[in-house]
Each structure stands twice: as structure tokens, then as C-alpha cells.
Amino acid sequence: MQPQDVTGYQVQVAESDLMVFTQGDYSNETLKWLFIYRRQIEDFIGKNPEFLTSFEPVEVPKEAPPIVRDMARAAQDAGVGPMAAVAGAIAQHVGKKLALHSEEVLIENGGDIYIKGKNTREIMIYAGNSPYSMRVALRVQPEGEISVCTSAGTNGHAKSLGKADAAVAISPNAALADAAATALGNRVKSECDIASCLSWAATIPGVSGCLLIVGDRLGAWGDVQLVRVD
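None of these values were measured; they are calculated from a predicted model.

(A) Seen up close, the overall build of the chain. Of regular secondary structure, the chain possesses six helices and eleven strands. For 230 residues, the compact-globule estimate of 2.2 N^0.38 gives 17 Å, and the C-alpha radius of gyration of the chain, at 17 Å, lies within 12% of that figure. Based on the C-alpha atoms only, the size of the chain along its principal axes is roughly 45 × 40 × 30 Å. In the structure as shown, the chain presents an accessible area of about 11000 Å², 49% of it carried by carbon and sulfur atoms. Taking the 20 positively charged and 27 negatively charged side chains of the chain as two groups, their mean positions are separated by 2 Å.

Next up, the structure:
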């Protein structure tokens, strides 16, 4: 929601479109690390194509790049394919590099947000045609780092097997939050599934909170603070 204490800039490489906020313009540094991490993932996929196409967890060797291992681990915990974690993983790995230069770092990558810093932030939730879309926000206190990732079955370009207008997962680990949001969204077929799906999400280790929006129904579990947006 347009933070005023940091500088915002956009960095894009192929499908990765990052909106970055830091204390100063580090767009060149962002671009460098975005290239590096994308190349690591692409090189691994070149030798292991199932990493790109699988809808199920994929085991990777210990010598795989750390970002690849993070994606595989998150996918295993959430029960989805590893590419379900790619946007969050890139946001966090790039964000950690930028944190060497800036105490406050916010990166949004296709609806998946990584935050490192001390300041309280409010994150607007886009939920397609739901009456809650852009009317509620999540208030988060990073206390180090936090990630808020969103999946949707009724809008957006990412693959979802469900019908949620917004499925949101919160975790210090952005790859896990991304994978968990995808898994949560995949399970929602109607508003009747909100309670059971949130109960399931509560069993994922490392996920601290979730939010589901389906039409005019909203449900939340865990460490979630909602703010009304007028």
C-alpha cells in the first residue's frame, strides 16, 4: 500500500516482474541477483525438466542450488509441484541480498510479497470480483522477515486448480508461503470449503496464518490481523 519511507522501483526479467521498495535505489543490484537466481533455476530445469512440469513434490540432490532446494522443500511441505514456490523463492533470495544495503526491504513478485525490516506494513488484498477485493488489508509486523503470498483460481496468470478469489498464506519463508497459498487455493471448490481448507492449512509446519476469500465469504486462521480499507 505505497509505503512512504522507502524508494520504489520496478525490475523485470522475463516472467519475473519485481516491484521493490528499499532505502535508496538498488535497481542494478536487484537486476544482477534476479539474473543470477533465474539462471540457477533455469539451468537446473534444463537438466531436470520434471522440476518445471510436476504438480507433485520433486526430490533434488544436495548439490542443487540453495534456491532450488528451498523450492523443493516448500513444495514437499505443502504437497505441490516445486514451481508453485518460484515467485516467493525469488523474492526472498533477492530480498536477502538487498538487505545487505537497506534495513527495510519489500519485494512484490506476482502477488507474492517478501518483507524484511522493523516497520509495520499493510498489504492490500486483491480478490477479483469479490466485494472484499481491495477493501481489506493484512497488517504485518516483520520482526525480521515475513512473507505474504497469494494464489487465486478466479483471476491472475498463475495456475490454480481451485475456485478461491484469494488464498493467502503467511510465513517467514517466502517459498513456503507461496507453495502453501497455491495448495490452499487448489483445495477450494466453493465457499463451503473455507473452514475445512483453513483447518488443513493449519497443519503445514512454518505457516503462521492464512486467509481465504470466496465470493462474499471470508475466513482466516492463525496470526492474521485484518484492516478495513475505506
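Once the structure has been displayed, the description carries forward.
(B) Molecular detail of the packing of helix α1 (residues 27-47) against helix α4 (residues 86-98). Their axes nearest at 10 Å, the elements α1 and α4 cross at an angle of 135 degrees. As the angle between them shows, α1 and α4 are arranged oblique. The way α1 lies across α4 gives a crossing that is right-handed. Contact residues: α1 offers E29, T30, W33, L34, Y37, R38 and I41, while α4 offers V86, I90, H93, V94, K97 and L98.

(C) A look at the sheet that holds strand β4 (residues 112-117). With respect to topology, eight strands assemble into an open sheet ordered β1-β2-β3-β4-β7-β8-β9-β10, the strand pairing being antiparallel. Two strands close off the open sheet at either side, each with one partner strand: β1 (7-13) and β10 (217-222). For this sheet, the mean angle separating the axes of adjacent strands, direction not counted, is 10 degrees. Relative to strand β9 (residues 209-214), strand β8 (residues 166-171) runs antiparallel, the two being bridged by five bridges. Within the sheet, the bridge partner assigned to A167 lies in β9 and is L212. In the packing of α4 onto the sheet, the strands contacted are β1, β2 (16-22), β3 (105-109), β4 and β7 (144-151), and the crossing angle to β3 comes to about 155 degrees. Lying on the sheet, helix α6 (residues 194-201) is in contact with β9 and β10; it crosses β9 at an angle near 160 degrees.

(D) Region of interest: the packing of aromatic side chains. Inspection of every chain in the model, using the stated rule, returns two aromatic pairs. Judged by centre distance (5.1 Å) and plane angle (80 degrees), the rings of F44 and F51 are edge-to-face. One Lys or Arg, K97, reaches over the ring of W33 and ends 4.5 Å from the middle of that ring. Above the ring of W200, the side-chain terminus of R187 is found at 4.2 Å from the ring centroid.

(E) Focus on unusual backbone geometry. Look at A14: it is not a glycine, yet its phi comes out positive at around 50 degrees. According to the relative accessible area criterion, A14 is exposed, its value standing at 52%. Phi angles above zero are rare outside glycine, and M134 is one such case at about 60 degrees. Structurally, the position occupied by M134 is in the loop between β5 (121-124) and β6 (136-140).

(F) Quick look at the state of the cysteines. Within this structure, the stated rule accounts for zero disulfides. Not part of a disulfide, C192 finds its nearest cysteine sulfur in C197, a span of 11 Å.

Analysis parameters
Residues numbered from 1 in each chain as written. Predicted model: local features only at pLDDT ≥ 70, side-chain atom pairs only at ≥ 80, totals over all residues. Heavy atoms only, no water. Helix = DSSP H or I, 4+ residues; strand = E, 2+ residues; numbered from the N terminus. Rg over C-alpha atoms; globule rule 2.2 N^0.38 Å. Areas by Shrake-Rupley, 256 points an atom, 1.4 Å probe, with all protein chains shown as cover. Lys, Arg positive; Asp, Glu negative; His and termini not counted. Charge placed at Lys NZ, Arg CZ, Asp CG, Glu CD. Axes fitted to C-alpha atoms, helices over the stretch in contact; angles between N-to-C directions. Parallel < 35°, antiparallel > 145°, perpendicular 65-115°, else oblique. Left-handed = near helix turned anticlockwise from the far one by under 90°. Contact = heavy atoms within 4.5 Å. Pairing = 2+ DSSP bridges. Phe/Tyr/Trp six-rings, centres within 6.5 Å; stacked < 30°, edge-to-face > 60°. Lys NZ or Arg CZ within 6 Å of the ring centre and 35° of its normal. Buried < 20%, exposed > 50% of the residue type's maximum accessible area, 1.4 Å probe, protein only. Disulfide = S-S within 2.5 Å.

Purely geometric stuff here, so don't read any function into it on its own.
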